[in-house]
Structures are given as C-alpha cells and as structure tokens.
Amino acid sequence: QMANRTAKDAHTVKGTNPQFLVEKIIRQRIYDSLYWKEHCFALTAELIVDKGMELRFVGGIYAGNIKPTPFLCLLLKMLQIQPDKEIAVEFIRQEDFKYLRALGAIYVRLTMTSVEQYKLLEPLYNDYRKLRWMNKMGKFEMVYMDDFIDGLLTEERYCDIQLPRLPKREALEEVKELDPYKSLLEEDLGKLSSDESEEEDDRARKPERPKLVNRRRDRSKERERDERERRGSPRRSRSRERERKKESRGGDEKGRRRSRTPERRGDDRRDRDRRGDDRDRRDERDSRRDERDRRDERDRRDDRGRDRDRDDDRRGGGDRKRRGTKEEDEKREIEEANALRAKLGLAPLDV
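Note that the structure is predicted; figures quoted are calculated from it, not measured. (Residues numbered from 1 in each chain as written. Predicted model: local features only at pLDDT ≥ 70, side-chain atom pairs only at ≥ 80, totals over all residues. Heavy atoms only, no water.)

## Re the nonpolar core
In terms of nonpolar packing, the biggest core is built from 58 residues, with F71, L74, L75, L103, L121, F148 and I149 touching the most fellow members. Broken down by secondary-structure element, the contributors of at least two residues to this core are α1 (24-32), α2 (34-39), α4 (70-81), α5 (85-93), α6 (98-111), α7 (114-121), β4 (130-134) and α8 (145-154). Dropping the residues within four chain positions of it, F71 is found in contact with L55, F57, V58, G59, Y99, A102, L103, I106, F148 and C159. (Core = buried A, V, L, I, M, F, W, Y, C linked by side-chain atoms within 4.5 Å. Buried < 20%, exposed > 50% of the residue type's maximum accessible area, 1.4 Å probe, protein only. Helix = DSSP H or I, 4+ residues; strand = E, 2+ residues; numbered from the N terminus. Contact = heavy atoms within 4.5 Å.)

## Points about the packing of α1 against α4
Here α1 crosses α4 at 105°, and the two axes come no closer than 10 Å. Considering their axes alone, α1 and α4 lie roughly perpendicular with respect to each other. Contacts between α1 and α4 involve I26, R27, I30 and Y31 from the former and L72, C73 and L76 from the latter. Of the residues that constitute the contact of α1 with α4, the class distribution is six nonpolar, no polar and one charged. (Axes fitted to C-alpha atoms, helices over the stretch in contact; angles between N-to-C directions. Parallel < 35°, antiparallel > 145°, perpendicular 65-115°, else oblique. Nonpolar A, V, L, I, M, F, W, Y, C, P; charged D, E, K, R; others polar.)

## As for the side chain of D146
Here D146 lies in helix α8. Despite its burial, D146 pairs with no opposite charge, the nearest such side chain being R129 at 9.8 Å. When near neighbours in sequence (up to four residues on either side) are disregarded, D146 contacts L124, Y125, D127 and Y128. (Lys, Arg positive; Asp, Glu negative; His and termini not counted. Salt bridge = Lys/Arg side-chain N within 4 Å of Asp/Glu carboxyl O.)

## Some points on the side chain of E122
On the secondary structure map, E122 appears in the loop between α7 and β4. Excluding anything up to four places from it in sequence, E122 contacts Q117, L153, R169 and Y181.

Remember that the coordinates give geometry; whether it matters functionally is a separate question.
The structure is reproduced here in structure tokens:
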C-alpha cells in the first residue's frame, strides 16, 4: 500500500488527488498487474522517461477488462509522482518517440488547464504518424496521432479513462483567452490557389501558338480532289458550271454598277477577255481529260476482250485433248478384248 500512495509534494488536480482521475476499479487492476509491480516500482521522473521510450503501443484495459496496458500503468505512475510541468511539455515537443509523445498528451489532458491543453495539443494535429492501439479483445488496431489527439479533445472517455470536462474552443475565443485557430492546411490551400492564379496569368500573357497544319491530311485532300478531276465526276462538272454562271453574272453586275468611263470600259473588256481565256483553258483541260478517260476505257475493253478470247482458246484445247484421250482408251479396250477372244477362238470385234 505504501508504494501506491501519491507523492507528498503533489498538488491536487481538479480539486482531488491526481490518482483519483483514474477510476477506482481500473486503478486497482493497475496496482494488481505484473507490469506495475515489476517496472513501475520506485520510478522517478527521470526514470519514467526511459520506460516511456520502451512503449510499443497505446490503449486502456484489454482481455475482458482485466489487464491494463503498460501505457495506462505509466500514466498512473505519472499522476502518482506528478513530475514537473516542463517534463510533460518536453514529452510533447520531442518528435523521436511517438508513444512517449502520446503519453505526455494524455497527461496534459488530465492535469492542465483548458487553455494550456488547446495550446499544447492542437499543434499535434500536424503529426500523421501511425500508432498501434490495443483494443478490448487484445488485438492491435492502427490509429494516427492526429486522430489520437482529436479523441482526447473531443471525446468524454478515452483509453478507458473518464476525461475532465473541456470547454469548447469557441467559448474560449469569445472571452479572448484563445486566438482563432489557424490550420496549416489553410496556408497550403492559399499557396495552391495563388499558384493557380499565377499560372492563369502566365497563360493569359503568353501569345497563343499557331496551330500546326497536318500536311499529310492536306496532301490526301489534294490527291482526292485530283482524282475526282481525272474521273470527271458529274458533280464536279455541275459545280464548275455553277461557278461559271456565277462569275458571268457577277461580271455583268459589276459592269452595270461601274460607271461607263472609257477607263472603266477598258478594264471591263480586259477582265472579260481574261475570264474568257480562263474558261477556254479550263474547257481545253477538261476535253483533254475526257479524251484520256475515253482512251483508257477503250484500252480496258480491248484488254478484257483479249483475255476472254484467250480463255476460250484454252477451254477449246482442253476439250480436244479430253476427246483424244477418250478415243485412245476405247481403242485400247477393243484391242484387249480382241486378244482375249482370239485366245478363246472367237471372232474379233469390229472397230
């Protein structure tokens, strides 16, 4: 019983003995546990640091609400000896041992004022390391440090310990005891939005690049157009006629609109002559193209006729060969039959 008493120089917390912050039934199970008797006996504030560095998981009571975790045993030992405030703060600020930081965080949540709790624990929201958590079935689960801190600040019961009541942050902000909360994510989002706006400004400043022309596609279109022109499609001819009529009509309208000065009349005459020469050249080119197409068609018909005659000759020669072989077979059969009849003394067959 002497080993389980609170230190004489310990101050009361929340108006009571610090060890009474842990419920009596859980406190008694911690006193009866093997870890408390072997590792927590005669621990001082300096030695508890070494034990905290050896922690490998966090949790409360497990195995049917019978066994306490070493994490809970060390927490009760800190409440019993009540180390200096600077030691608990150093537990939180160091970054090498995450389970020691979790131990210091829950000790701060139990013993310090609400303003100190918010100021010391909220920076730990930026710690995203993983923690092993032992559940009541004695199996490990994974939690993150920021979730652990959020549970301490928002839950009423955590790690099987009834946490002291904590005022809401908004109430402390209204009485000017806390500054408005600023998250690091807001700064990151602000940087992202500023970067995006700068990129948009850069895009607006940069002149647009001319679009690349696909020369291969243009060549294919030119080939198709030349092919249609060679074939002399009726669609092409009709469109050509429409263009001619439109040009002639446009020329007449232009001629009517212009004043009949001698200079204008000379220009109109030259334009008409030029258009007439262009039409003549187009007609001549079309006639040559049509003549070439007719010549090609005539050659193709002659080639088809020659191929057909050659096929007929081949079929006729094959029939003659087949007839010759049939006659020879008949003669051979008759000769064999006459030889057999001669042996038998019969008259030969007539050929």
